[in-house]
Every structure is written in structure tokens, then in C-alpha cells.
Amino acid sequence: MESSPGSTLKSTMSFRARLLAIVTVGILCLALTAALTTAWMAGKQARAQMVAQALQITGSLADQSVLALLYGSQENAEKPLQTILSFPGVDLAGIFDSDARPLLVLGGGREGRAAVPGEAYSSKGPLLVRETTLDWYFWAPVFSGSPAQRDPAAELFELEPARQELLGHVHVVMNKTALRDIQLNILYNNLWIGLAFALVLVVILNFGISRLTRPLYQLSEIMKKAERGETHVHADLEGPREITHMAGVFNRMMESIEERDRGLRRHRALLQSEVAIRTQELVQARDAALTANRLKSEFLANMSHELRTPLQAIIGYSDVIKEELEAEGMAENARDLGRVIYNAKRLLSLINNILGLAKIEAGRMELRLQSVDLRELIRESFDTVGPILRANNNTFDFVLLGEHTLEIDREKLLQTLLNLLSNAGKFTRDGTIVLELLHESHLLTVKVSDNGIGLTNEQQQIIFEAFRQVDGSATRKFEGTGLGLAITKRFCELMGGSIGVESEAGRGSTFTVRIPLPVSAALDDPSASLEKSAPQRTITPPELDDAEAHGPQFSKVWLIDTNDVLIKEET
């Protein structure tokens with residue numbers, strides 16, 4: 001919300017300026033009020049004096065008009081009228097008989113005869129009968145035997161005065177020009193005097209306010225220094241009682257803050273030393289852990305041949321003995337030895353996964369690109385995972401779109417297919433496993449779908465982490481080391497691709513692998529061979545007996561080549 005100009009001005013004015021402005025406005029209002037009141041009272045007094053003077057002039061004219069009315073002589077009337085017109089402000093004067101007929105009227109510019117109220121005729125002296133904005137109208141009766149006409153001898157001998165008789169009346173019109181001039185002069189003089197007095201008073205008050213607010217401004221400057229971060233700032237205990245109290249509180253507050261800052265600095269120094277010690281310890285522990293992990297990975301990678309050779313020898317000699325037992329008709333012993341061979345191959349597969357991960361961490365895995373026939377790769381994958389699919393009574397479908405051959409690392413792609421298919425077969429019972437391969441010029445897309453137990457959102461966050469399993473409890477139903485998907489993800493990243501999953505608990509899962517082509521582009525990243533690599537081909541368990549060897553094969557095979565020739569095989 002925008003602020004008004006008035007509020008902006010108030011926010012920029014200092015306390016002294018605001019106080020001085022308030023005092024100045026008060027003094028000006030007081031001076032103006034005093035000037036106007038004095039001018040009004042002086043004007044009222046001047047009016048009363050001028051009206052009294054005009055009444056006196058009108059009475060004098062009435063006294064001097066007796067002879068003129070007695071004899072009806074205009075010559076006798078002219079002299080008193082001329083005398084009255086010589087007074088300042090008198091514009092018109094007239095003498096009228098008892099029938100209100102004018103005997104003589106001198107002056108001009110205004111009505112000579114003025115309407116006279118009826119009660120005025122009962123008056124014995126001059127009256128103000130009318131007033132306008134410009135003039136006063138005065139009236140006075142003229143009687144015979146007025147004091148001006150009485151005989152001094154009669155007064156001397158105390159004779160009874162003659163009875164007065166109304167002879168007529170006189171009119172006098174006086175303008176207000178002089179009154180207005182007097183009022184304006186009084187107003188102007190009062191205003192100038194009031195403003196001069198206000199100015200002197202404001203100067204005196206400004207000096208007093210400056211002395212009064214100086215300690216407050218000094219305290220404000222001290223507070224600004226403290227706000228800028230200066231230390232050892234204290235205010236002087238001078239000035240009025242309230243300001244010295246504020247300064248004392250400020251000093252105590254600053255002392256408390258300085259004490260707190262000293263404590264914080266000591267605590268910070270202690271923490272810095274402790275953090276430096278802990279950091280050094282953590283760095284040493286981290287370096288030791290990294291060294292141990294590197295040595296472990298190098299040891300496992302170097303031990304690859306030593307660990308595989310005894311197991312392969314066990315598997316080889318067991319195959320020879322199994323063949324001899326089968327030739328001698330000892331089928332039960334042959335089946336028992338088949339179980340030994342199966343578990344040995346399973347152990348070899350686990351060792352291959354662990355050693356493969358060790359090779360990846362040691363940075364000793366490389367890509368070996370070669371021409372691969374996708375149809376043969378799919379058949380080999382099914383031959384390997386077939387026992388797992390048959391064990392859970394699952395069917396297998398696949399769709400191949402696009403070219404059948406491409407340049408890629410055969411072992412890593414095969415291991416990816418095996419890991420995804422074995423996972424799908426292991427977590428699906430009485431269902432269907434679908435493998436889809438789409439080979440485009442710039443991208444190879446692999447999808448493995450199942451309708452098994454599915455994954456929750458929380459499980460989807462951890463399935464690609466090494467040694468993490470969906471069910472890690474001691475009572476879990478599904479076996480494994482939790483390395484298959486982790487290694488698959490590393491293989492995809494090594495080839496420049498990615499892997500993702502879409503799943504819903506109870507409705508199955510779909511794993512999607514996307515590998516940009518050509519794969520050699522992924523080798524442009526020098527870190528790929530250091531952080532992402534793959535194990536050798538995993539050997540999966542064979543059939544357990546002869547009955548299992550003749551189990552279900554491909555339920556449906558759809559091959560679509562580049563010439564749009566549809567080939568369908570059903571067995």
C-alpha cells in the first residue's frame with residue numbers, strides 16, 4: 001500500500017522539527033485569533049463612537065432648524081444644512097415639516113427621504129432609524145421652544161417654559177467609509193503586531209527546544225553507533241530526568257550485550273577448536289574407510305580367479321560323476337548329485353555378483369563391443385532362466401521389433417536380461433513374463449513386464465541400491481543378495497543408458513532399460529570405466545532332473561524383422 005505524502009513527510013521530520021512545527025502553528029493560531037478579536041472589538045468601539053457623533057450632529061441640526069420650520073424659510077435652513085454637510089462622512093442632510101414635506105435637502109447620491117418607523121415619532125431625541133452596509137440613516141424631531149430657543153430672561157425670572165410643539169424633523173445620512181478604513185487599519189496593525197510577536201516567540205521557543213532536545217539527540221547518535229556495530233558505546237547521563245533515565249537503561253543494556261558477546265566469542269572459539277578436532281578425526285576416519293574399501297575391492301577383484309576356479313572344478317567333477325552314475329543306472333544318486341551341482345552353480349552365481357560389484361567399485365570393468373544377434377540372445381536368456389519360470393509355473397512371451405543385430409557389450413546386455421527375467425520369474429507365480437525389445441537407429445529399449453506381487457512407492461526407492469532387498473527380514477520368502485538390480489543399473493549407466501520401474505503393489509511391475517546407440521558414445525566419459533562396470537556372465541541353475549528338462553518352452557514367439565515379415569512360432 002502506497003503511503004501518502006503527508007505520512008512520508010512526517011516520517012522524515014525529526015522530533016525537534018515536529019515539536020517546533022506544533023508550537024509554531026499554535027502560536028500563529030493564537031496571534032491570528034488575538035488580532036481578529038482585537039480588531040473586532042476596536043471596530044465595534046469605533047462604530048459606537050461614530051454613531052454617537054452622528055446622533056449628536058443630527059440633534060444639533062434639529063436644534064438649528066426651529067426657525068427655518070417656524071417661518072418656512074429655506075434661507076434659514078440652508079446655513080445649518082451646509083454646516084452639517086461639512087462634517088466628515090455626512091453625505092446628505094434635510095429638513096422636513098410636520099407633514100414630511102421637505103423644506104430643504106442638501107447632498108446627493110442617495111435617497112433624501114428615509115422611511116421612518118412609527119415609534120420614532122414618539123421619540124424626543126435623535127435616532128438611528130436605518131443601517132445598510134454602506135450608510136447610516138439618522139432622524140430627529142424638531143420642536144418649538146427647544147432649549148436653543150428659550151428666552152434667558154424667562155429662565156432668570158423663573159417663568160414657566162412654553163409648551164413644545166412638533167414642527168417637523170431632520171434627516172442625516174452618514175457613510176461608513178471612515179469606519180471601514182479604521183477597521184482595516186486596526187486589523188492590519190493587529191496582524192502585523194501579532195505575527196511579529198509570534199516570530200519572536202518562535203525564535204525564543206526554538207532556542208529553548210534545542211537546548212531541551214539536545215540530550216535526546218545525543219542519545220540517538222549513541223544508539224546509531226551501537227546499531228552500526230561499534231563497541232564500548234555509552235551515553236552521558238545529562239539532561240532532563242526522563243532522558244537521563246533512558247540513557248541509564250541504554251548503558252545497562254549495552255553492558256549486558258557486551259557481556260553476552262564476550263561469552264559468545266569464548267563459546268565460538270571453543271566450538272571452532274572442537275569442530276577442527278572432530279573434522280580432523282572424521283577426515284582420518286573417512287580416509288581410513290576409503291582406503292579399506294579400496295583395498296577390499298582390489299582384493300575381491302584380484303581374488304576373482306582364485307574363488308571361481310575351485311567352484312568350477314567342483315562343478316566339472318560333479319558333472320563327470322553324475323554322468324557315470326546315470327550310466328550305471330543309479331538315478332537317485334544322480335539326482336542327489338544334481339542338487340549338489342545346482343547349489344554349486346548358485347554359489348558361483350552369488351560369487352560372480354559380489355566380484356562383479358567389487359570390480360565396478362575398483363574401476364576395473366570395461367566395455368567389450370561386438371555384433372550381437374538379439375534373437376539368439378533372447379533364446380539364451382530363456383534357456384538360462386527357464387528353470388526359474390517353470391518352478392513358479394510362469395509363461396514367457398517376447399516381442400522383438402527392428403533390426404536383429406547391433407553393436408553392444410553382449411555379456412552386459414545378457415546379464416541385464418537375466419537379472420530382470422529372473423527377478424520377474426522369482427516374484428511371479430502362475431503368471432506371464434513379457435520381454436519386449438525395440439531396436440531403433442538411435443535407441444535400444446528393453447521392457448520386462450510381469451503380473452506378480454509388484455512394488456510399493458517406498459520399495460521402488462531402494463531396489464537399485466546394493467545389498468538392499470524388498471524384504472530384508474529374517475523370515476523373507478525370496479532368496480538373493482540384493483545385487484542383481486544394482487549391477488543392472490551400473491551396466492546400463494556404463495553403456496550410457498538408464499533403467500526405471502513402474503509398479504503397483506499386487507498388480508505387477510515393468511522395468512524399462514533405454515540404451516542410446518551407438519554404445520561407443522558412452523565411452524567418451526572417462527569416468528565410466530572407473531565407476532560403472534559389470535561382472536562376467538552369470539551362470540544360472542540348470543534343470544534338476546530329466547522331467548524338468550522337458551517342461552514348457554516358449555508359449556509365444558513374435559519376431560518382426562526390418563522387411564516387415566511376421567514370423568510366428570508356437571511350441
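Please read all numbers here as calculations on a predicted model, not as lab measurements. (Residues numbered from 1 in each chain as written. Predicted model: local features only at pLDDT ≥ 70, side-chain atom pairs only at ≥ 80, totals over all residues. Heavy atoms only, no water.)

Asks: Describe the overall build of the chain, naming the residues involved and giving the relevant values.
Replies: In terms of regular secondary structure, the chain is built from 15 helices and 14 strands. The proportion of buried residues among the 571 residues of the chain is 36%. Counting contacts in the chain only where the partners sit at least 6 residues apart, residues at least 24 apart contribute 72% of the total. Counting only carbon and sulfur atoms, one obtains 56% of the accessible surface of the chain, whose full area is about 33800 Å². (Helix = DSSP H or I, 4+ residues; strand = E, 2+ residues; numbered from the N terminus. Buried < 20%, exposed > 50% of the residue type's maximum accessible area, 1.4 Å probe, protein only. Contact = heavy atoms within 4.5 Å. Areas by Shrake-Rupley, 256 points an atom, 1.4 Å probe, with all protein chains shown as cover.)

Asks: Quick one: what's the story with the packing of aromatic side chains, residue by residue and with numbers?
Replies: Summed over all chains, the structure comprises three aromatic pairs. Pairing Phe464 with Phe511 gives two aromatic rings, centres 6.3 Å apart and planes at 80 degrees, and the pair type is edge-to-face. Pair noted here: Phe464 is in the loop between α12 (457-460) and α13 (484-494) and Phe511 is in strand β12 (residues 508-516), with a separation of 47 residues, a long-range link. With relative accessibility at 17%, the residue Phe464 sits in the buried group. Chaining the aromatic ring pairs together yields one cluster made of Phe382, Phe396 and Phe398. Directly above the ring of Tyr137 sits Arg130, whose terminal nitrogen or CZ lies 4.9 Å from the centroid. Sitting over the ring of Phe491, Lys412 keeps its end group 6.0 Å from the ring centre. (Phe/Tyr/Trp six-rings, centres within 6.5 Å; stacked < 30°, edge-to-face > 60°. Lys NZ or Arg CZ within 6 Å of the ring centre and 35° of its normal.)

Asks: Help me get a handle on the packing of helix α2 (residues 15-64) against helix α6 (residues 177-227), residues and values and all.
Replies: Where α2 meets α6, the closest approach of the two axes is 7 Å, and the angle between their N-to-C directions is 160 degrees. Classified by the interaxial angle, the pair formed by α2 and α6 is roughly antiparallel. The crossing of α2 and α6 is right-handed. Per-class residue counts for the contact of α2 with α6 are 29 nonpolar, nine polar and two charged. (Axes fitted to C-alpha atoms, helices over the stretch in contact; angles between N-to-C directions. Parallel < 35°, antiparallel > 145°, perpendicular 65-115°, else oblique. Left-handed = near helix turned anticlockwise from the far one by under 90°. Nonpolar A, V, L, I, M, F, W, Y, C, P; charged D, E, K, R; others polar.)

Asks: Explain the environment of Pro516 residue by residue, including any values.
Replies: Position of Pro516 relative to the elements: it lies in strand β12. Classification of Pro516 as partly exposed rests on a relative accessible area of 36%. As for Pro516 and Cys492, which are separated by 24 residues in sequence, their C-alpha atoms are 9.9 Å apart. When residues no more than four places from it in sequence are discounted, the contact partners of Pro516 are His442, Leu443, Met495, Gly496 and Gly497.

Asks: Tell me about the sheet that holds strand β4 (residues 135-143), and name the residues and values.
Replies: Taken in spatial order, the five strands make up an open sheet running β2-β1-β5-β4-β3, and their pairing is antiparallel. Pairing within the sheet leaves two strands with one partner each, and these edge strands are β2 (102-107) and β3 (127-131). Taking each pair of neighbouring strands and ignoring which way they run, the sheet shows an average axis angle of 15 degrees. Sheet topology places β3 next to β4; four bridges connect them, and they run antiparallel. Paired with Leu127 across the two strands is Trp139, which belongs to β4. Relative to β4, α2 is tilted by about 35 degrees, and along the sheet it contacts β1 (90-97), β3, β4 and β5 (166-175). (Pairing = 2+ DSSP bridges.)

Asks: Please give an account of helix α4 (residues 74-85) that cites residues and values.
Replies: An ideal rise of 1.5 Å per residue puts 16 Å on 12 residues; α4 measures up with 16 Å between its terminal C-alpha atoms. Residues Ala77, Pro80, Leu81 and Ile84 constitute the buried set of α4. Along the axis of α4, the buried positions cluster into a sector of 105 degrees, meaning they face one direction only. What points out from α4, more than 90 degrees from its buried face, is the exposed set Glu75 and Lys79. The secondary structure elements touched by the buried residues of α4 are α2, α3 (66-71), β1, β2 and β5. N-capping of α4 is provided by Ser73, with a side-chain oxygen placed 3.3 Å from the backbone N of Glu75. (Expected span 1.5 Å × (residues − 1). Arc of directions from axis to C-beta. Polar contact = N/O pair within 3.5 Å; in protein donor to acceptor, adjacent residues only side chain to side chain.)

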